[in-house]
Amino acid sequence: MSGPNRPRVVSVLARWLLGTALVTWRYLWETTPLHRGAERRGEETDRPPRLPAGTVDDQVQRAEDGYGPLYHRRFRVRVAEARLGAGRLIDWVGDDFKHFVPTEVVDIHTGELGERGLDVADEVLVEMPGPWNGPVRVVGRDSGCLHLATLLGHMEAGQVQFRAREEDGLLVFEIELWARSSNRLVHLLYSHLRLAKEIQFNMWVRFCLAAAAASGGRAVDGVHITTSRLDLPRGAAARGVS
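Definitions and cut-offs
- Residues numbered from 1 in each chain as written.
- Predicted model: local features only at pLDDT ≥ 70, side-chain atom pairs only at ≥ 80, totals over all residues.
- Heavy atoms only, no water.
- Salt bridge = Lys/Arg side-chain N within 4 Å of Asp/Glu carboxyl O.
- Buried < 20%, exposed > 50% of the residue type's maximum accessible area, 1.4 Å probe, protein only.
- Helix = DSSP H or I, 4+ residues; strand = E, 2+ residues; numbered from the N terminus.
- Pairing = 2+ DSSP bridges.
- Phe/Tyr/Trp six-rings, centres within 6.5 Å; stacked < 30°, edge-to-face > 60°.
- Lys NZ or Arg CZ within 6 Å of the ring centre and 35° of its normal.
- Contact = heavy atoms within 4.5 Å.
- Core = buried A, V, L, I, M, F, W, Y, C linked by side-chain atoms within 4.5 Å.

Caption draft 1: Expanded view of the pattern of salt bridges. In this structure the tally under the stated criterion is 17 salt bridges. Note that aspartate 65 and arginine 62 form a salt bridge whose closest N and O atoms lie 3.3 Å from each other. The exposure class of aspartate 65 is partly exposed, given its relative accessible area of 26%. According to the relative accessible area criterion, arginine 62 is partly exposed, its value standing at 33%. Here the salt bridges share partners, and the residues they tie into one network are Arg74, Arg163, Arg165, Glu167, Glu174 and Glu176.

Caption draft 2: Fine view of the pairing of strand β6 (residues 134-142). With respect to burial, β6 is a largely interior element, seven of its nine residues being buried. Bridge analysis of strand β5 (residues 123-127) against β6 gives four bridges, and the strand direction is antiparallel. Across the sheet, residue valine 126 finds its bridge partner in β6, namely glycine 134. Relative to strand β7 (residues 145-150), β6 is paired through six bridges, and the arrangement is antiparallel. Across the sheet, valine 138 pairs through a bridge with leucine 148, a residue of β7. What sits between the antiparallel neighbours β6 and β7 is a turn of two residues.

Caption draft 3: Geometry of the packing of aromatic side chains. For the coordinates displayed, the defined rule picks out nine aromatic pairs. Here phenylalanine 75 and phenylalanine 201 contribute two aromatic rings whose centre-to-centre distance is 5.9 Å and whose plane-to-plane angle is 55°, an arrangement assigned as tilted. Taken together, the residues span a long stretch of sequence, with phenylalanine 75 in strand β3 (residues 67-80) and phenylalanine 201 in helix α4 (residues 195-214) at a distance of 126 residues. Its relative accessible area of 5% is what places phenylalanine 201 among the buried residues. Measuring from ring centre to ring centre gives 5.4 Å for phenylalanine 100 and phenylalanine 207, while their planes differ by 20°; the resulting arrangement is stacked. Here the residue phenylalanine 100 occupies a position in the loop between α2 (86-95) and β4 (107-109), and phenylalanine 207 occupies one in helix α4, the gap between them amounting to 107 residues. Its relative accessible area of 1% is what places phenylalanine 100 among the buried residues. The structure contains a cluster of three or more aromatic residues connected by ring pairs, namely Trp92, Phe97, Phe100, Phe162, Phe173, Trp204 and Phe207. For arginine 36, the ring lying beneath its charged end belongs to phenylalanine 201, and the centroid distance is 3.8 Å.

Caption draft 4: How the structure looks around the side chain of glutamate 176. Considering the arrangement of structural elements, one finds glutamate 176 in strand β9 (residues 170-181). Judged by relative accessible area, glutamate 176 falls into the buried class, the value being 5%. With sequence-adjacent residues up to four places away left out, glutamate 176 is seen in contact with His72, Arg73, Arg74, Gln159, Val160, Gln161 and Arg163.

Caption draft 5: Geometry of unusual backbone geometry. A positive phi angle is found at glutamate 81, which is not glycine, with a value near 60°. Among the secondary structure elements, glutamate 81 is positioned in the loop between β3 and α2. Phi at aspartate 168 is positive, roughly 55°, even though this residue is not glycine. Counting through the fold element by element, aspartate 168 comes out in the loop between β8 (156-167) and β9. Of the residues examined, aspartate 168 reaches a relative accessible area of 73% and is grouped as exposed.

Caption draft 6: Looking closely at the nonpolar core. Judged by nonpolar contacts, the single largest core of 42 residues is most densely connected at Phe75, Phe97, Phe162, Phe173, Ile175 and Phe207. Broken down by element, the residue count for this core peaks at 12 residues, all from α4. Those residues in contact with phenylalanine 75 that lie beyond four places of it in its chain are Phe173, Glu174, Ile175, Leu177, Phe201, Trp204, Val205, Cys208, His224 and Ile225.

These results come straight from atomic positions and should not be treated as a statement about function.
As structure tokens, this is what we get:
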């Protein structure tokens, strides 16, 4: 191992060992209710939306490029007495994405973006323990939604959207994901050994709770998680029109 690479490897291993232990400890002692429903059989409506025109090139890793079943997940938290509106919360997510992730396990690299925040075509590296780094590209951003697509090298092939809205006097923050494993090895770890799946689950739950805290309000009934699984042939995934 070359000298310049050694500190980075040590850093990744330390985050893996210490960070994962800390997240697991927090998960075991988490007092926020987690409403994790049973996995249901997917339908046509569980396919991902088409990516916006002009955002796809040979670096984008679409769901149809992946392996194994398509998982459609939603993580949702409802917030009472929020001091931020939906648009301002999504602006914060786009401007300071790192604020919302569990940094003891996940690191965010935004390259030359500095403090200007994320915009369409910007790329971000989500560095996770082990071989599961997640390069993504911003394919959409407006006052109510931040939309990312996975790039080559990501453990998954698909999309994720971060949305907020006002509903029945509450602020609703939601993360919606459509993804397949990027290859057979990830499929084994994700669908069978479940290690990567649980790491990701913890990350998105923490993201929702961080969004609730950032709004200045309180989560009224915990985090609700739904999962659908849709078995697809290779090359079939997207639905709708951008």
